[in-house]
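Fold and geometry: a report
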Amino acid sequence: MKFLYFLTGISNSTWGRFGAIYYMEKGLTAGEIGLIEGVMSCVETVATVLWGYISDIIKRKRGVLIFTKLMGTLVLTMLAFDFLASSFTNIFLISIASQAFMNNGILDGWAFDVLGSHAKDEWGKIRLFQAISWGLGCFGIAFITDYYGFVWNFILYDCLGIISLMLMLKFITVQSSLEKAMGDVAPDRRAVCQVLCNGVVMNFLAEMWIMGMGVGVVEKLLYVYMVEDLGASTIFCGATILAQVSFEIPIFYNMGWLNTKFGYSTLMIVSQVCYVVRVWGYSLLQTDTLNWIFLLEISHGFTFGLLWVAAKEYQRKITPLGWQGTFSTLLWMIYGSVGKGAGAIIGGYLLIQ
């Protein structure tokens, strides 16, 4: 399980933040990049929850993970070929098509199925391996991109995707222990409606959407700002990710203690304060003070780390039996798709004004 999370992080790092670098190399403007990122998030919004729902209904999270990973890898790799990615329209269509197979959250749903009540303390200790590989991967990929070209990002992305698929086939059982225990009993849809219609839960999802929108303005276009306005290199951009995850790791490791000691609300408030400080700091950066960004990126560890350990624990508590895949993907959809997508569109528009 830890190795799967590790591979997920390092595989995502080959594209992730560097997608903006690829688009800039193709001559796209900040507005076009923002549009692509925004529409990609819209497609991801539908696809993510759809695959999560399917994985719960058919009780085959492993099968859905394998299928979506395979198809997503094949489609995204099309951007590596110049004759296919020859215009903005082609790049736009391929980029959004790749999001039709996004499976963010299904791995979490499977992990929650396997861990059961132990997820409160143990999930964070597993999730931190994705943070580690994300940081190391982004720094390594930045070096490769600067010295060997972006094509190696696609090569590494494909190789890591193949390894992930092989590990899923080898080590993940066809059904998790919970899926087997449920047998032919279908998950209760009425329980889902009752949870989602609860006012407190609706407020929680709205809060996640707002945070996602704020983070989307930063994360989707930060590299564009650093490279075009502040003159940063790709390696420098990758190094900032190491600063980010350095403080995510202890937060994920102590997930159980943090939620018990402080509670969901306090962790969310601290996360939001750190976000405000971070964005305010970005506005003060100049070319000669660019190195100060490392201090600002440390606050990202608190912004995302505290936000995510609080949100995942709250999600665990409210999820009805058999719906871990759906609720895990729903949480990511609200935060990572709808929220970040809206932030990318707004940020891209503001950046060109």
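Look above for the structure.
Residues numbered from 1 in each chain as written. Predicted model: local features only at pLDDT ≥ 70, side-chain atom pairs only at ≥ 80, totals over all residues. Heavy atoms only, no water.

1. A few points about helix H8 (residues 151-171)
The condition that has to hold: Secondary structure elements follow DSSP: runs of H or I of four or more residues count as helices, runs of E of two or more count as strands, with numbering from the N terminus. By definition here, a helix of n residues has an expected span of 1.5 Å times n minus one. The rule is simple: take the accessible area with a 1.4 Å probe, protein chains only, and divide by the maximum for that residue type; under 20% is buried, over 50% is exposed, in between is partly exposed. Relevant arc is that of directions from the helix axis to the C-beta atoms, nothing else. Should any heavy atoms of two residues lie within 4.5 Å, those residues are considered in contact.
The end-to-end C-alpha distance of H8, which contains 21 residues, comes to 30 Å, matching closely the 30 Å that a straight helix rising 1.5 Å per residue would cover. Of all the residues in H8, the buried ones are Asn153, Phe154, Tyr157, Leu160, Gly161, Ser164, Leu165, Leu167 and Met168. Along the long axis of H8, the arc covered by the buried residues comes to 160°, so they all point the same way. Pointing more than 90 degrees away from the buried face of H8 are the exposed residues Met166, Leu169 and Lys170. Taken together, the buried residues of H8 touch helix H1 (2-13), helix H2 (19-25), helix H4 (61-77) and helix H7 (119-148).

2. Thoughts on the packing of H7 against helix H14 (residues 255-282)
What counts is decided by this rule: Between N-to-C directions, angles cover 0 to 180 degrees, with each direction set by a line fitted to C-alpha atoms, over the stretch in contact for helices. Each angle is binned into one of four classes, with values under 35 degrees roughly parallel, values over 145 roughly antiparallel, values of 65 to 115 roughly perpendicular, and all other values oblique.
At their nearest, the axes of H7 and H14 sit 7 Å apart, and the two run at 130° to each other. In terms of their interaxial angle, H7 and H14 are classed as oblique. Contacts between H7 and H14 involve Ala119, Lys120, Asp121, Trp123 and Gly124 from the first element and Met255, Gly256 and Thr260 from the second.

3. Digging into a nonpolar patch on the surface
We count it as follows: A patch consists of residues whose relative accessible area exceeds 30% and which take part in no salt bridge; residues with like charges are grouped when within 9 Å of each other, and nonpolar side chains (Val, Leu, Ile, Met, Phe, Trp, Tyr) when within 5 Å. Note on areas: Shrake-Rupley with a 1.4 Å probe; residue coverage comes only from the protein chains shown. The salt bridge definition used is simple: a Lys or Arg side-chain nitrogen within 4 Å of an Asp or Glu carboxyl oxygen.
On the surface, a nonpolar cluster with roughly 650 Å² of combined accessible area is contributed by Phe143, Tyr147, Tyr148, Val151, Trp152 and Ile155. Of all elements in the fold, only H7 and H8 reach the threshold of two or more residues within the nonpolar patch. Turning to its location among the elements, tyrosine 148 is positioned in helix H7.

4. Side note on the pattern of salt bridges
Evaluated as defined, the whole model comprises nine salt bridges. A salt bridge links aspartate 188 to arginine 190; the nearest nitrogen and oxygen atoms lie 3.6 Å apart. The exposed category is assigned to arginine 190, whose relative accessible area is 64%. What emerges from the salt-bridge pattern is a single network uniting Asp56, Lys61, Asp113 and Glu179.

5. Overview of the packing of aromatic side chains
The geometry of an aromatic ring pair is captured by two quantities: the separation of the ring centres and the angle between the planes. For clarity, the cut-off: Centre distance within 6.5 Å is the pairing criterion for rings of Phe, Tyr and Trp, where only the six-membered ring of Trp is used; planes under 30 degrees apart are then read as stacked, over 60 as edge-to-face, and the remainder as tilted. Both a distance and an angle decide whether a charge sits over a ring: NZ of Lys or CZ of Arg must be within 6 Å of the ring centre and within 35 degrees of the ring normal.
Scanning the model with the defined rule gives 23 aromatic pairs in all. Relative to tryptophan 123, the ring of phenylalanine 112 has its centre 5.6 Å away and its plane inclined at 85°; by these criteria the two rings are edge-to-face. Taken as a pair, phenylalanine 112 in helix H6 (residues 106-115) and tryptophan 123 in helix H7 lie far apart in primary sequence, 11 residues in all. Neither residue differs from the other here; phenylalanine 112 and tryptophan 123 are each classed as buried. Ring geometry for tryptophan 123 against phenylalanine 252: centres 6.3 Å apart, planes inclined by 80°, an arrangement best described as edge-to-face. Within this pair, whereas tryptophan 123 is found in helix H7, its partner phenylalanine 252 is found in helix H13 (residues 234-253), the two being separated by 129 residues in sequence. A single burial state applies to tryptophan 123 and to phenylalanine 252, both of which are buried. Against the face of tyrosine 253 rests lysine 125, its NZ or CZ located 5.1 Å from the ring centre.

6. Description of the nonpolar core
Note the threshold: Think of a nonpolar core as a cluster: buried Ala, Val, Leu, Ile, Met, Phe, Trp, Tyr and Cys residues, connected wherever their side-chain atoms sit within 4.5 Å.
Counting residues in hydrophobic clusters, the biggest one holds 102 residues, and the most contacted among them are Tyr22, Tyr23, Leu79, Trp123, Met208, Trp308 and Tyr335. Tallying contributions element by element places helix H15 (residues 293-318) first for this core, with 11 residues. In contact with tryptophan 308, other than residues within four places in its own chain, are Trp123, Arg127, Met208, Phe252, Leu331, Trp332 and Tyr335.

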